[in-house]
Each structure stands twice: as structure tokens, then as C-alpha cells.
Amino acid sequence: MTLQIYNTLSRKKEPFEPLEAGKVSMYVCGPTVYADAHIGHAMSSLVFDVVRRYLEYCGYQVRHVMNYTDVDDKIIQRANHEGRDSLELAQEYIDAYNRHIEDLNILPANVFPKATEEIDQIVEMTARLMDDGFAYSVDGDVYYRVERKDDYGKLSGRKLADMQAGSRVGVDERKEHPMDFALWKSAKEGEPSWETPWGAGRPGWHIECSAMALHHLGPQIDIHGGGNDLVFPHHENEIAQTESLTGKPFARYWMHNGMLQLSGEKMSKSIGNLVTINDFLKEHEADVLRILVLNSSYRSPLSYNDEVLEAATRGLERLRSGLRPALPGAQGAAPALAKALDERTAASKEGFIAAMDDDFNTSSAMAELFDLVRRINQARDESAKDEDLKPAQTLLLELSGLLGLNLAHQVETEIDPADLIAIFEEMRAKLGDAESSQALGVDVGSEDAIRAILKLREKFREAKQWAASDEIRDRLAALGVLVEDNAQGSSWRWG
RNA sequence: GGCGACGUGGCCAAGUGGUAAGGCAAGGGUCUGCAAAACCCUCAUCACGGGUUCGAAUCCCGUCGUCGCCUCCA
């Protein structure tokens, strides 16, 4: 079984075969940078990050391009409103998005082109489209002639005739056909503009992606991705422009992710029902968002609410539980158990790959990981030693890592050392056993202090002084340190 | 109005012809001084109606409902 990818163009899954063996060119539409990015944007970047990671895991050398649209109506509008330069404003949000990419553990694209840095290519492309009769200029605006492309509408499944009838847009009378779209917009007062043979102006939205793809990846690319709200008109128009120019099919596989839904509606800037990436990361780990995305099909709408968020948070904890070491008194796994775990490990890997090969079925792939975790924990409960668990845990790390999860990552809670010292001193006094422990210095590390406190707690427990023992546990919990007791002693972890 | 997608247990969500993965929540149990964690057990016949088939959540028709696109949008 080889990798199958659902192609929006054909509306079915197709075996993945890149143009050039062993190499994949992938272009993903990035955000228009005029406001804080929200987790819907993050979802899209996460989806294609997983696609890229899996392709690389399959041995492909991936060239990944993601653009930033840094000149457009809304950017200009906002910049003018704030009385500042639009390019500067855009750059600010580009920097912010680059930080988000890092914070979310998304592999950076090989190239992050910006529209304003590709003007030469855009102008050249527009000129050639005019020369070849695919475009015409009116008063400095340049429009693409949709009737020149026989298969216009093939991606979104629309016909020009239908679109005319249903058009809600006020039609510009200067256009030859109502659906003709702008390649170039003539300069207006207070807007950035560039000189061209047909007059000063700025690029339309769709042309930049065509120009960048052509420039950085060539006339034909393997995968073109983006949110499914871009299918029409954006990607439809990209196809028209590019194919008119090159005479070749533009992208082999068109992949579109579903929209993130908040309270039953698409999360978007215009509706205002959004959670920014910044706000999300203030409250949650990046992996929580990733699990949220991985838990369902990338093509379907993704529900976002408190319950789902809680489920993802707990799910992450659960995955991490698989990495915990053997129990203190472990005797070693019985041969049958060790064999079963090894077999399960091999089966998990197979199942995982089969799931991912099926159009990146991440929710099935996740199910394999959860199953693997259960087997590991089972074995641990049945006295398996670290060496017994190791292969399965290694696979868990490998596969979760390939999805971009960082299970080994420990979130250390910021603790004021004074808080720990206070607990220690108080409890030491209560124990009335000063000889047993040294006083803690102010320079002691958090982990040292926690261990020292737990030693005291062990004495309380030996003396069956449960009230004091519980108090310590509660106070540490309040600081973000989870203490867990079991038959062989106590352990703790950040939580 | 046009195009498209979808409707699976309390929530989220796989599965597209052979009798329902997984996560969270919930209930019961093991362990534990207690708690937590972990482990074990329990928990759906797939919006509704009709049809095709030996057999359908899965195919076809209809009804209801939801969402997306048709305007900037990941």
C-alpha cells in the first residue's frame, strides 16, 4: 500500500506519485498579515506540517514554500487607519507568525516569499498573460479573461454559466465577463504601488501565489495546499493564470483542510469568533492544539470547545504516561508478556503507517498510539523493567515525533524557590527532627528542593502522620508538582 | 438561487458492502492510609423514511437538519 492523497481536483483519493522520483514540491497558502493570527490559521499550518513530516518520513526530499500576503486591501486599510506604513505593519505580523511557527513546533518552510518581494515576477507574468490574450487592461487595472480557459471552474466544480446567475457581487461594467478577476489593481491615493508598462499599481491577490510557485518551485508542483475556503476563487484563479501561461497542469494534488469551528461557525476574523494563537498558548501547550488537529480528519471541520480542549489535554497526558519508567520494584517481564509487547510494537508501527498512508488518517494513527501506550502501561503494571519497555517506548517517541508531538517535553512549572523553602522549613519544624535534614539554601534548585520535601514527607508517612503528609502533597500540587504514592514509594512529576 | 460537504454513544471522532477504532466524560472494580496515576470491566446499530442486496452506518431515491464556498478569508 502506498500513500494515497485525496485530491480536491478529482474528488477522490489517488496514489501519490511526485513529478520527480524522491522529491516533492509543496506550496501552501499562508495568511494575509493584517491582524493577530488565530488557531484556525494554526490548524492549517499544523495540517501541512504533518503532511510534510510524513512525506519526509517516507523518504521524500520536500521543498516547502509558504507565502505571506503582505499587500492587500485590509492591510492598507488598517495601516492607513493607524497612520503607519503598510509594509511595516505587515512585517510585524509576519514576524509574529514566524514565532508562532516556532512555538507550535512547525517545521519552517524552505522559503517564505512575500508578495512585495516578488513584484518583478508578478509583473512579468501579468505582461505575458496580456501578450497571449489571456488578460486585458482597463484604466490601469488588469483582468484575467475567464472565458479563455475552457476548463475554468474545474477545481471548485463550478460552471461559468451557473456562477453568473448566482453572482451576488456588484459587477464592474468595465469587465468583459462578470467573473473576470483582477491580476493587477491600479494605484490609488495612499496605497503602495509599483510602476509597470500599463501604469502604476499593485498586484491582485491570486497572482502572487502563481508567481511565487513558478519562481520557487517551477511550472508544475506536486502538492498545493490551503484552507478549503480558498478553493474558490483563489485556487481556481491560480490554476487559470498559471496554466494559461505554462500550458501544463499546475499542481498534481490539491489538498484542502477543513475549517476550525467555534460555536458552530467557522472561526474567522470577520465574524470575530476567534481565539488567537497567543491567547491559546498562554493557557495551553502547543501539543494540545496539535492533538486537537490530529484527532480528526484534516478535511473535515474541526470542532473547538472546552470539552474538546479538555479531551486533548488529557489525551496528551495519557500519551506521556506511556513514557514513564518501570516501577521501582520491577522484577522483569514474564517471557510471554515481553513477547506480546514486542509483537504489539511491530503491529502498532504497521497500523500507524497504514493509517497515514490512507490520506493522512491521523485519528486512526493516534488510535494506534493510544493502543501502544495502553500496552506499555499494562506491561509496566506487570513488572516489566525499563529494558522490556524500551523498544515500545522508542517507537512511541518515534511515531509521535513524526506527527510533530513532543511527548518527552516536560513543562516545568515556574516556582518561586521561597515557596518551596517555606514548605520545607515549616514541615521540618513540625517533624521536630532537625538532624534528619539539612536546611535548604536559597540557591537550591527546584527539583532538589522538591526531593528534600518529599524526604520529609516520607518520614511523616512512616509515622502514619497522614494530615501532614497530605498537606505537603496539596501544597506541592498547588505549585504544579503532582505527587503520586504507590506500593514502592512516592514519585512526582510536573503537572 | 447555484456549487460542495456533512449528520456515528454525554462530547469529539475513525470506519464507505459483511454485522461499529480511539480519546474525553460517566459507572463499577484492582491497587492505595487517603488521593492521584495506571490497569480491568461496562456504556451506540450509525438523522428520518423508502429501495437495492444473502447481507448496508457504508450503494440508490426522498425528507429534515447543519456547515462551507459563491465577497476578504487558513
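From a predicted model like this one, the values you see are computed outputs, not experimental measurements.

What counts and how
Residues numbered from 1 in each chain as written. Chains lettered and ligands numbered in written order. Predicted model: local features only at pLDDT ≥ 70, side-chain atom pairs only at ≥ 80, totals over all residues. Heavy atoms only, no water. Core = buried A, V, L, I, M, F, W, Y, C linked by side-chain atoms within 4.5 Å. Buried < 20%, exposed > 50% of the residue type's maximum accessible area, 1.4 Å probe, protein only. Helix = DSSP H or I, 4+ residues; strand = E, 2+ residues; numbered from the N terminus. Domains from an automatic or database assignment. Contact = heavy atoms within 4.5 Å. Phe/Tyr/Trp six-rings, centres within 6.5 Å; stacked < 30°, edge-to-face > 60°. 1 Å grid on protein atoms, 1.4 Å probe; cavity = no way out; pocket = protein on both sides within 12 Å on 5 of 7 lines; lining within 4 Å. Points joined across faces, edges and corners; volume = space filled by probe spheres on them. pLDDT = per-residue confidence, 0-100.

## Side note on the nonpolar core
Where a protein is soluble and globular, its nonpolar side chains tend to be buried together.
Then comes step 1: Core analysis: the largest hydrophobic core is formed by 85 residues, its most contacted members being Phe16, Ile39, Leu55, Ile223, Tyr304 and Phe360.
Then comes step 2: With 10 residues, the single largest contributor to this core is helix α1 (residues 39-57).
Then comes step 3: Looking at which domains feed residues into this core, each of domain 1 (4-283) and domain 2 (286-402) gives three or more.
Then comes step 4: Setting aside anything within four residues of it in sequence, one finds Ile39 in contact with Leu260, Met267, Val275, Thr276, Ile277, Phe280, Leu289 and Tyr304.
Then comes step 5: With 24 residues, the next largest nonpolar core counts Ile119, Met130, Trp184 and Leu245 among its residues.

## What about the environment of Val146?
Then comes step 1: Looking at the element boundaries, Val146 is found in the loop between β6 (141-144) and α5 (160-166).
Then comes step 2: Expressed as a C-alpha distance, the spacing of Val146 and Gln241, which sit 95 residues apart in the sequence, is 9.3 Å.
Then comes step 3: Among residues more than four places away in sequence, those in contact with Val146 are Tyr152, Leu160, His177, Met179, Asp180 and Phe181.

## Quick word on the packing of aromatic side chains
Here the distance between the centres and the angle between the planes together describe a pair of aromatic rings.
Then comes step 1: Taken as a whole and assessed by the stated rule, the structure comprises 13 aromatic pairs.
Then comes step 2: Their ring planes at 85° and their centres at 5.5 Å tell us that Phe16 and Tyr60 sit as a pair that is edge-to-face. Of this pair, Phe16 sits in the loop between β2 (12-15) and β3 (23-28) while Tyr60 sits in the loop between α1 and β4 (61-66), placing them 44 residues apart in sequence.
Then comes step 3: Aromatic pair Trp492 and Trp494: ring centres 5.2 Å apart, planes at 85°, arrangement edge-to-face.

## Points about the layout of surface pockets
Then comes step 1: In this structure, the second largest pocket spans a volume of roughly 1200 Å³.
Then comes step 2: Together, 40 residues line the second largest pocket, and Arg320, His409, Gln410, Arg493 and Trp494 are the ones closest to its centre.
Then comes step 3: Contributions of two or more residues to the lining of the second largest pocket are made by α3 (86-103), α8 (277-283), α9 (286-294), α10 (306-321), α12 (362-381), β14 (481-486) and β15 (489-494).
Then comes step 4: Take the lining of the second largest pocket: its biggest share by element is 5 residues, from α10.

## Things to note about the confidence of the model for chain A
Then comes step 1: Chain-level statistics for chain A give a pLDDT mean of 92 and a share of 96% at 70 or above.
Then comes step 2: Summarising per-element confidence for chain A, the mean pLDDT is lowest in α5 (69) and highest in β4 (98).

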